[in-house]
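Residues per chain are reported as follows:
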Amino acid sequence: MKIRILFFASLREQLGTGAEEIELPADVATVSALRAHLKARGGAYAKAFADKSLVRIAVNQEMVSPADAVKQGDEVAFFPPVTGG
Amino acid sequence: MKVSVQKDDFDAGAEIRALSRDSSVGAVASFVGVVREVPMTLEHYAGMTEREITKIVEQAGSRWRVRDVTVIHRYGELRPTDQIVLVVVASAHRGDAFAACEFIMDYLKTRAPFWKKELRPEGARWVEARASDDEAAERWESPAKKAG
């Protein structure tokens with residue numbers, strides 16, 4: 001299953017990339033599994049995803065919960081708590 | 001409803017006048033956020049930003065009697081005294097206009113995907129989300145304090 005992942009703000013800088021297409025293993029079917037999958041890359045990813053409270057996740061531009069599904073073709077965005085206004 | 005996420009500055013007076021032309025409108029409340037002290041870069045998630053703001057405005061419209069709303073939020077490089085955000089709410093009466101305007105700002109600060117990076121003399125740093133902003137948004141959810 002192929003999806004597009006996006007990183008914003010401090011996460012983008014920490015990881016050195018803003019967007020990536022990735023092929024997911026069959027057992028990675030939820031938002032929380034995807035987060036764990038990325039964390040398991042180690043290095044900057046392990047650090048960036050260490051504190052769950054500092055990472056917000058949106059699927060197809062809607063905020064989601066960890067148990068929500070990730071499907072083929074989805075756009076999944078990871079970002080820190082927002083600071084606009 | 002008008003929602004715009006843009007690099008360019010805006011004319012708050014013109015936006016307020018635009019919402020004052022409806023003869024059923026008796027109150028127009030507005031808020032302008034301004035850059036304070038430190039230059040910054042504002043990053044956003046194009047597409048999602050507009051969607052989130054639109055949802056917030058729709059929520060405000062379901063809670064208060066609102067005739068029309070304009071929200072403009074800038075991104076990119078901003079300097080002290082630059083305008084960042086504008087919320088204008090037009091209603092028949094001031095109570096609805098004031099409440100909806102504040103609600104939209106409180107929700108925008110905690111839900112719209114914008115991130116500020118301050119360009120300080122000692123180096124650039126991402127602004128951290130503030131618990132007080134979460135509390136400001138949460139008070140609209142507590143039935144005891146509901147302004148609607």
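Quick caveat, the model's predicted, so the values are computed rather than measured.

## Section: the overall build of chain A
Summing up its helical and strand segments, chain A has 3 helices and 5 strands in all. A compact globule built from 85 residues should have a C-alpha radius of gyration of about 12 Å, and chain A, at 12 Å, falls within 12% of that. Its C-alpha atoms give chain A principal-axis dimensions of about 35 × 30 × 20 Å. A total of 85 residues make up chain A; the buried ones form 42% of that total. Contacts in chain A between residues far apart in sequence, at least 24 positions, make up 53% of those at least 6 positions apart.

## A short note on the sheet that holds strand β4 (residues 62-63) of chain A
Residues and elements named next belong to chain A. In spatial order, the strands read β2-β1-β5-β3-β4; together these 5 strands make up an open sheet with mixed pairing. With partners counted over all chains shown, the strands left at the sheet margins are β2 (19-23) and β4, one partner each. Where strand β3 (residues 56-59) and strand β5 (residues 75-79) come together, 4 bridges link them in antiparallel fashion. Looking at the pairing, Ile-57 lines up with Phe-78 of β5. Across the sheet, helix α2 (residues 31-39) lies against β1 (2-7), β2, β3 and β5, angled at about 70 degrees from β1, the strand it touches most.

## Details of helix α3 (residues 94-111) of chain B
All names here are of chain B. In this model α3 runs 25 Å from its N-terminal to its C-terminal C-alpha over 18 residues, within 8% of the 26 Å that 1.5 Å per residue would give. Regarding α3, the residues found buried are Asp-96, Ala-97, Ala-99, Ala-100, Cys-101, Phe-103, Ile-104, Met-105, Asp-106, Tyr-107 and Leu-108. Looking at the buried residues of α3, the elements they touch are β2 (27-34), α2 (48-63), β4 (68-74), β6 (83-91) and α4 (131-138).

## Regarding the pattern of salt bridges
Residue and element names in this part refer to chain B. According to the stated counting rule, one finds 18 salt bridges over all chains in the structure shown. Notably, a salt bridge pairs Glu-15 with Lys-2, separated by 3.0 Å at the nearest N-O pair. Placement of the pair is Glu-15 in helix α1 (residues 12-18) and Lys-2 in strand β1 (residues 2-6), with a sequence separation of 13 residues. For the salt bridge of Arg-130 with Asp-133, the shortest nitrogen-to-oxygen distance reads 3.8 Å.

## With respect to the nonpolar core
Residues and elements named next belong to chain B. Ranked by size, the top nonpolar core spans 31 residues in total, and within it Ile-53, Val-71, Val-89, Phe-103 and Ile-104 carry the most contacts. At the level of elements, β2, β3 (40-44), α2, β4, β6 and α3 are the ones that each hand at least two residues to this core. For this core, the element with the most residues is α3, which contributes 9 residues. Filtering out sequence-adjacent residues up to four positions away, Phe-103 remains in contact with Ile-56, Gln-59, Ala-60, Arg-63, Trp-64 and Trp-140.

## With respect to the environment of B:Arg79
Residues and elements named next belong to chain B. Within the fold, Arg-79 resides in the loop between β5 (76-78) and β6. Taking the C-alpha atoms as reference points, Arg-79 and Glu-118, separated by 39 residues in sequence, lie 9.9 Å from one another. The residues contacting Arg-79, other than those within four sequence positions of it, are Val-35 and Pro-39.

## A short note on the interface of chain B and chain A
Contact with chain B, which involves 27 residues of that partner, is made by 20 residues of chain A. A salt bridge links B:Lys117 to A:Glu13; the shortest N-O distance between them is 2.4 Å. Remark: the boundary between chain B and chain A carries 14 residue pairs in polar contact (both at pLDDT 80 or more). At 5 residues, the largest contribution of residues to the side of chain B that touches chain A is made by α3(B).

## Digging into the packing of aromatic side chains
Residues and elements named next belong to chain A. A complete count under the given rule lists 13 aromatic pairs over all chains for this structure. Ring geometry for Phe-7 and Phe-49: centres 6.5 Å apart, planes at 70 degrees, overall edge-to-face. Remark: Phe-49 occurs in the loop between α3 (43-48) and β3 and Phe-7 occurs in strand β1; sequence separation between them is 42 residues. Taking relative accessible area as the criterion, Phe-49 reaches 1% and is therefore assigned buried. Site record: aromatic cluster; members linked through ring pairs are Phe-7, Tyr-45, Phe-49 and Phe-78. For the cation-ring pair, Arg-41 lies above Tyr-45, with the distance from its terminal atom to the ring centre recorded as 4.7 Å.

Rules and cut-offs
- Residues numbered from 1 in each chain as written.
- Chains lettered and ligands numbered in written order.
- Predicted model: local features only at pLDDT ≥ 70, side-chain atom pairs only at ≥ 80, totals over all residues.
- Heavy atoms only, no water.
- Helix = DSSP H or I, 4+ residues; strand = E, 2+ residues; numbered from the N terminus.
- Rg over C-alpha atoms; globule rule 2.2 N^0.38 Å.
- Buried < 20%, exposed > 50% of the residue type's maximum accessible area, 1.4 Å probe, protein only.
- Contact = heavy atoms within 4.5 Å.
- Pairing = 2+ DSSP bridges.
- Axes fitted to C-alpha atoms, helices over the stretch in contact; angles between N-to-C directions.
- Expected span 1.5 Å × (residues − 1).
- Salt bridge = Lys/Arg side-chain N within 4 Å of Asp/Glu carboxyl O.
- Core = buried A, V, L, I, M, F, W, Y, C linked by side-chain atoms within 4.5 Å.
- Polar contact = N/O pair within 3.5 Å; in protein donor to acceptor, adjacent residues only side chain to side chain.
- Phe/Tyr/Trp six-rings, centres within 6.5 Å; stacked < 30°, edge-to-face > 60°.
- Lys NZ or Arg CZ within 6 Å of the ring centre and 35° of its normal.

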